[in-house]
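Here is what each chain is made of, one letter per residue.
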Amino acid sequence: MAERDFVGDIVKYSFSGIIPIDNLYKALNKWTRSAGYIILEREHKTFASGEKSDHVFSWTLEKKVTDYVRYKIDTDIRVKGLKEVKTKTGKKKYYQGNIDFAFSGYLEKDYEDVYGKNPVVKFTREVFDKYITESKMKTFEKELLKDRDKLIAEIRAFLEVQRLKSAEK
């Protein structure tokens, strides 16, 4: 069974304003592909009440680093009170609402369960990880945190540009 080594704290980010949800989704997909990740959607729920709707997305971004280690970033997105907003041109759909993100990263070790079947082999691998490849694991942790922070910066920048664009309109 694969082991999870959580890296860093859970990082949260909230935004309130005009949200071009389709463009945000495309931007997230573009970033994950360019960074070498794939998106695994764990949950997608929509709740509608009148003109407003709420959405819940739970994604795991996954990137294979070696045959033993892969990076995973769990991304939970909660969109509250989403309401369609008319633009002057009326060509694009924009939505007003609140969006909350929560990001947690972890290393998944022995995800192919090569070393977990035999307790002696598993123990030997744990000792090897702890004392021999500790610096390599620290490097993996730093890279994972850097990727997580780049993703957050990409989302923040995208939403702030949208805020500026909507202020101009």
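Here the structure is shown first, and the text comes after it.
Since this is a predicted model, take the numbers as computed values, not measurements. (Residues numbered from 1 in each chain as written. Predicted model: local features only at pLDDT ≥ 70, side-chain atom pairs only at ≥ 80, totals over all residues. Heavy atoms only, no water.)

**Digging into the pattern of salt bridges**
Summed over all chains, the structure comprises 16 salt bridges. A salt bridge links Asp147 to Lys63; the shortest N-O distance between them is 3.8 Å. Note that Asp147 is positioned in helix H3 (residues 134-168) and Lys63 in strand S3 (residues 52-64), a separation of 84 residues in sequence. Judged by relative accessible area, Lys63 falls into the partly exposed class, the value being 22%. Between Arg148 and Asp149 there is a salt bridge, and its shortest N-O distance comes to 3.1 Å. (Salt bridge = Lys/Arg side-chain N within 4 Å of Asp/Glu carboxyl O. Helix = DSSP H or I, 4+ residues; strand = E, 2+ residues; numbered from the N terminus. Buried < 20%, exposed > 50% of the residue type's maximum accessible area, 1.4 Å probe, protein only.)

**Brief notes about the sheet that holds S3**
Pairing is antiparallel across the open sheet formed by five strands, whose spatial order is S1-S5-S4-S3-S2. Every other strand in the sheet has two partners, leaving strand S1 (3-19) and strand S2 (38-49) as the edge strands with one partner each. Ignoring strand direction, the axes of neighbouring strands in this sheet form an average angle of 10 degrees. Two elements, S1 and strand S5 (residues 94-109), share 14 bridges in a ladder whose sense is antiparallel. Its bridge partner being in S5, Ile19 is matched across the sheet by Tyr95. Against the sheet, helix H1 (residues 21-34) contacts S1, S2, S3, strand S4 (69-85) and S5, and its axis sits at roughly 5 degrees relative to S3. (Pairing = 2+ DSSP bridges. Axes fitted to C-alpha atoms, helices over the stretch in contact; angles between N-to-C directions. Contact = heavy atoms within 4.5 Å.)

**Some details on unusual backbone geometry**
Located in the positive-phi region is Asp110, a residue other than glycine, with phi close to 55 degrees. Here Asp110 shows up in the loop between S5 and helix H2 (119-132). In this structure, Asp113 takes a positive phi of about 55 degrees despite not being glycine. You can see Asp113 is positioned in the loop between S5 and H2.

**Digging into the nonpolar core**
If you look at the biggest cluster of nonpolar residues, it comprises 34 residues, and the most contacted ones within it are Tyr37, Ile77, Ile99, Phe101, Ile155 and Leu159. Where this core is concerned, the elements lending two or more residues are S1, H1, S3, S4, S5 and H3. The leading source of residues in this core is H3, at eight residues. Apart from residues no more than four positions distant in its own chain, Ile155 is found in contact with Tyr13, Leu28, Phe101 and Phe103. (Core = buried A, V, L, I, M, F, W, Y, C linked by side-chain atoms within 4.5 Å.)

**With respect to H1**
For the α-helix, the turn length of 3.6 residues means that residues three or four positions removed from each other point alike. Relative to the 20 Å expected for 14 residues at 1.5 Å per residue, H1 spans 20 Å between its end C-alpha atoms, a close match to the ideal helical length. Taken together, the buried positions of H1 are Ile21, Leu24, Ala27, Leu28, Asn29, Trp31 and Thr32. At the exit of H1 stands Gly36, carrying a positive phi of roughly 90 degrees. (Expected span 1.5 Å × (residues − 1).)

**Thoughts on the side chain of Thr60**
Along the polypeptide, Thr60 turns up in strand S3. When its relative accessible area of 5% is taken as the criterion, Thr60 is described as buried. In this structure the side chain of Thr60 is engaged in a polar contact, spanning 2.9 Å, whose partner is the side chain of Asp74. Apart from the residues within four sequence positions on either side, Thr60 is in contact with Ile38, Ile39, Leu40, Arg42, Lys72, Ile73, Asp74 and Tyr106. (Polar contact = N/O pair within 3.5 Å; in protein donor to acceptor, adjacent residues only side chain to side chain.)

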